[in-house]
Every structure is written in structure tokens, then in C-alpha cells.
Amino acid sequence: RRAGRRAGSGSQERGRGSRSQKQLRLCQAKGRGASPPPGHARTLSTAGQRGGSERREARRGLAGARVAMAAAAAMASRKAVMICATWQHVGKTSVSMALVDAVGKALAANGGGEGGRTPRVGYMKPVGQKWVSAVNSRDPTGPVLRVDKDVALAREHFNMQMDYLDMSPIIIERGSTRDFLDGKRTEWEDPVITNRLRTAFAKNCAETDFLVVEGTGHCGVGSILGWNNARVAKALGIDVVLVANGGLGSTFDQLNLNRMACLVEGVDLAGVIVNKVRIGEEEKTRTYLEKAMNKFKWNAPLLGCVPYGDNLDQPSAMDLETLFETKLIGGFQHRLRRFDRYELVTTSLRRFMEKLAKEGDDILNTCFVTHASRNDIILGLLSHVSRLDSGLSGGKRFEGGLILTGSPPFNQPADFCSDYIHHANIPILNVPQSTSNTMDAIKSYTPKLSAADDVRTTRVIEQYSPHIDVARMLGLPATDARSPLLTVEG
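Residues numbered from 1 in each chain as written. Predicted model: local features only at pLDDT ≥ 70, side-chain atom pairs only at ≥ 80, totals over all residues. Heavy atoms only, no water.

1. Thoughts on the overall build of the protein
- Within the protein, the regular secondary structure consists of 17 helices and 15 strands.
- Counting all 490 residues of the protein, 44% fall into the buried class.
- Counting contacts in the protein only where the partners sit at least 6 residues apart, residues at least 24 apart contribute 74% of the total. (Helix = DSSP H or I, 4+ residues; strand = E, 2+ residues; numbered from the N terminus. Buried < 20%, exposed > 50% of the residue type's maximum accessible area, 1.4 Å probe, protein only. Contact = heavy atoms within 4.5 Å.)

2. Some details on the sheet that holds strand β10 (residues 302-307)
- Strand order in the open sheet formed by six strands is β2-β7-β1-β8-β9-β10, and the pairing between neighbours is parallel. Each having just a single partner strand, β2 (121-124) and β10 make up the two edges of the open sheet. Within this sheet the neighbouring strands show an average axis-to-axis angle of 20 degrees, counted without direction.
- With six bridges connecting them, strand β8 (residues 239-245) and strand β9 (residues 269-277) associate as parallel partners. When the bridges of β9 are listed, L242 appears paired with V272.
- Helix α3 (residues 92-109) contacts β1 (80-85), β2, β7 (210-218), β8 and β9 of the sheet and is inclined by roughly 170 degrees relative to β7. (Pairing = 2+ DSSP bridges. Axes fitted to C-alpha atoms, helices over the stretch in contact; angles between N-to-C directions.)

3. Brief notes about the confidence of the model for the protein
- For the protein, the mean per-residue pLDDT works out to 83, and 80% of the residues sit at or above 70.
- Segment residues 11-47 is flagged for pLDDT under 50; beyond a separation of four residues in sequence, or across chains, it makes 16 contacts in the model.
- Segment residues 480-490: pLDDT under 50, and 24 contacts once partners within four positions in sequence are set aside and those in other chains are kept. (pLDDT = per-residue confidence, 0-100.)

4. Description of the nonpolar core
- Counting 85 residues, the largest nonpolar core has F210, V240, I468 and M473 as the members making the most contacts within it.
- Looking at this core element by element, the count peaks at nine residues for α3.
- Membership of the second largest hydrophobic core comes to 21 residues, among which are L356, I377, L381 and F398. (Core = buried A, V, L, I, M, F, W, Y, C linked by side-chain atoms within 4.5 Å.)

5. Details of the sheet that holds strand β12 (residues 341-344)
- Spatially, β11-β15-β14-β13-β12 is the arrangement adopted by the five strands of the open sheet, whose pairing is mixed. Of all strands in the sheet, those with a lone pairing partner are β11 (328-330) and β12, marking the two edges. Put simply, the sheet's adjacent strands are angled 30 degrees from each other on average, direction ignored.
- With four bridges joining them, strand β14 (residues 401-405) and strand β15 (residues 428-431) adopt parallel strand pairing. Residue L402 lies in a different strand from β15, and its bridge partner there is I428.
- Helix α11 (residues 317-324) rests against β11, β12, β14 and β15 of the sheet, and its axis sits at about 10 degrees to β15.

6. Looking at the environment of G237
- Checked against the element boundaries, G237 lands in the loop between α8 (229-236) and β8.
- Looking at G237, the relative accessible area reads 64%, which means it is exposed.
- The sequence separation of G237 and A80 amounts to 157 residues, and the corresponding C-alpha distance is 9.2 Å.

7. Quick word on the packing of aromatic side chains
- Evaluation of the coordinates by the stated rule reveals five aromatic pairs.
- Look at F252 and F296: their rings are 6.0 Å apart centre to centre, the planes differ by 40 degrees, and that puts the pair in the tilted class. Taken together, the residues F252 in helix α9 (residues 249-264) and F296 in the loop between α10 (282-295) and β10 connect sequence positions 44 residues apart.
- The exposure class of F252 is buried, given its relative accessible area of 12%.
- Between the aromatic rings of F339 and Y342, the centroid separation amounts to 5.9 Å while the plane-to-plane angle is 75 degrees, which identifies the pairing as edge-to-face.
- Every member of this aromatic cluster is reached through a ring pair, and the members are F252, F296 and W298.
- Here the basic side chain of R155 rests over the ring of Y164, its NZ or CZ set 4.4 Å away from the ring centre. (Phe/Tyr/Trp six-rings, centres within 6.5 Å; stacked < 30°, edge-to-face > 60°. Lys NZ or Arg CZ within 6 Å of the ring centre and 35° of its normal.)

8. Some words on the side chain of T93
- Mapped onto the fold, T93 is located in helix α3.
- T93 sits in the buried class, given a relative accessible area of 15%.
- Of the polar contacts made by the side chain of T93, one reaches the side chain of D150; its length is 3.4 Å.
- Here T93 is in contact with D150, L153, E214 and L449, once residues within four sequence places are set aside. (Polar contact = N/O pair within 3.5 Å; in protein donor to acceptor, adjacent residues only side chain to side chain.)

Take a look at the structure:
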């Protein structure tokens, strides 16, 4: 019996051992259930953790690979992008013009357009607000057209042969939204606008290898009509590039707000471009914005950080004509002249002339502002300019200007000054406003690109293009023409 009990005991021990082995295998298979025997716990836990970690890493890697493959596929098939701002005066049109130039060069460096010909990059402004008159080159005898001013700029600067009506299919006049809300503008109903936008877009794409589509303001502009920029992008089936001014916190806030408007419509981001970054802070801005974008899983690249460009925001005499809704009264040949600074003159003629003689080269690009009744200051400055132009003083030429303030007919130059003003060799503008209002308006004014100022457009393109990674946006290999600040990840 004792032997039998000993045998039974051994059998039970073997059974328990067998059950322990089964439990161990069950733990390994399920990662839960009965506890493993002592001595196995730490090994099993470590192995389980390592296996789970490896599986999670594999899943993450697979998900990342899928995202990368989807992004690469999107870039490979991308034939157009829409450029949207995050707010006013962030350089959306400047970026658009630079992209037209840079995309053309990038495509040319990678085989050219279809059939190896010179790439054709087009431009379109689906919904415009500020328009200019234009004649359609395809129908010169036809009616004068109203087209968005930026369409006229792009078409003339790049000598595009596209149809104005397709480049600028919809113009929203000031005050017309009330008519729409009152049901008086049936041509702005959804089916009509959708058809016009898609038809024009299809024609533009058929004539180009790539199309830069510029929105109107930030992503929410146009909501009063039910057609904000994000919805336009969705209707055209294209991704959006957001443009913001340099910074970090507020910049990211504005970018994310506009990104959300795109997500609501189901529109993806093709990238982000940050403009007017403080010189010397480009790398820091890039590093931390990329960290923020990656942290919150935007799945969109930072395509460029454009440093602030000197003198690009300085208005020309022609811009001042637009600002004050007036015309030059002298120096008409210098409408495109820009000034380093504006200086108010209220002192006596003697002190003013002493200043001109003393400061010399420091004020050569100054635009002086004085009241129109100051005939002495007007004639004093014109005589100084004449001496410099003649070379009698041995100094450089005066490249500044003169603004006369005060409302006519009582506040205007005397008749004996008019002939001197008319034949002056500097731009002279008569602004029918008070001096203080004139100075405040100039201080807060941001000039826009214009088809009439080709020099400024060229300077803007030269400033922006090297800092925008169009190769990454298009899914092309990097070119030598790109900025050394930019890198393309494989």
C-alpha cells in the first residue's frame, strides 16, 4: 500500500508537472491565464514583452510604410496644387509666382514636359475678388474681360497662352454677396459653380504639365457663398499648400486652423511653406515646426522657410497711386521707384536745406512728406535734386520722392510751382488727405504684386524660389538648384 501510495504520489507529481507545462504553454500562447511556475515568471515576462514590443514595432513600421507609399503615390500623380494663405499679407501670391517658376525648372531638370518638350506650367485663380480689364488674346475682337488681377500678373509675366476665361472663371464683385443671399444670383448656385470650376480646371490641365491654383485668402474665405477655398480644392480634387508668416506658436495655430478647414472637406495637405522668417532663424524655425507637425501626425512636409527679403514690401510710387486713388503730378517716368524711408518735413526751409547737405547719401532714397502749401520746401527740394542731377555738387543722384498732402482746392501748390513740379525728375504725388492720415496709411500698407511692375515680380521670384523644395512636393529627385538648407528624405 505504501508502495502504491508512493507510486500514486509520483503520478500526481508528474500530473502536476504536466499541468504546469500546459499552463506555461498557454501563457506563452495567450500572454495571460494561469501563472507560470516560480523561476519561469521573469523569463516568460521578458520574452512576452520583447515579443509584444517587436510586434508593435512591426505594425508601426508597416503603417509608416503604407503612409509613405500613399504619399509617394500622391506626389507621383500630382499635377496641380492649390495655394492657400493662413491670413492676409503672408505672401500667397509671391509663393504662387515662385512655384510657377521653380516647378518649371524642376520638371525641365527631370526630363521636361510630355514628349521631352519644354515644361508648361500654368496658373489659375478659380474665384477672384479684385479684377482688372483684359482682352482675350484668342479673341482680340471680343468683349473686354474682367479677370482677377493676379491672373493678369501670372499670364503676362510668364507669357502664358492660356485662356483668360479658364484662368479666372469666377469673379465675385464687392457687395454682390447680398444679392446672392437675396436669391438674385442664380449663376452662383452650387451646380453652376461646380460645372464652371471643373470645366475651366480640366481645360487648364489639358494645356499644361502642372497647374498652380491660387486660392483667395485663407481657407475660410468664400464661406458666405458656400464656396470657401477648401471646398474649391475638393471640387477640383487637388491638395493644398498652406502659406504662413514666420514664427512658431502663432504660426502653428494659424496653420492648424486652416488645416482643420481642409480636413472638414476631406482635402489633404501637400505641404507647408513659411514665409518672412527672420534672417538667421531659418533652421530653428524649420526644426521646431517639423517637430510640431510630426508630433501631431500631419503627414505633410515642410516645403520651405523663406527668409525675410529686404525692400520687397516697400511700395513703389505706383503702389502709392493705388493706395491713395490718385495720380502722379510729376516725375511720371519714375512710377516704379521705391523708397527706403518716409520723412515728414515741418521745419523751416533753412533747416531743411542744411539737412539735405549734411546727411547726403543717407537720404538719397527718402520720400519726403510735406503739406501742399509749403512752396518753399517744394522748390528747395527740386533745386537740390537739380544740382545733384547736373553733377555740380559731386554727389550721387537723388533717388527719392515727394508727397504733398492736404485737400484741394485750398491746400495745393501755388501756380508758380506747378511747372517745376510737372517737369521734376522725381515722383511727386498729391494726396488729398491730412498729413497724419497719409503717414498712417503708408505705415500700415502692404503692396501687392502687379503686372505693371515686372521688376518687383522678378525680385520676389528670385527671393522665394531657392528656398522652396518643389522636388519634394512633386516627388522628384533633388536638383542642384535647390537651397542647401533643404533636404529630401528617401
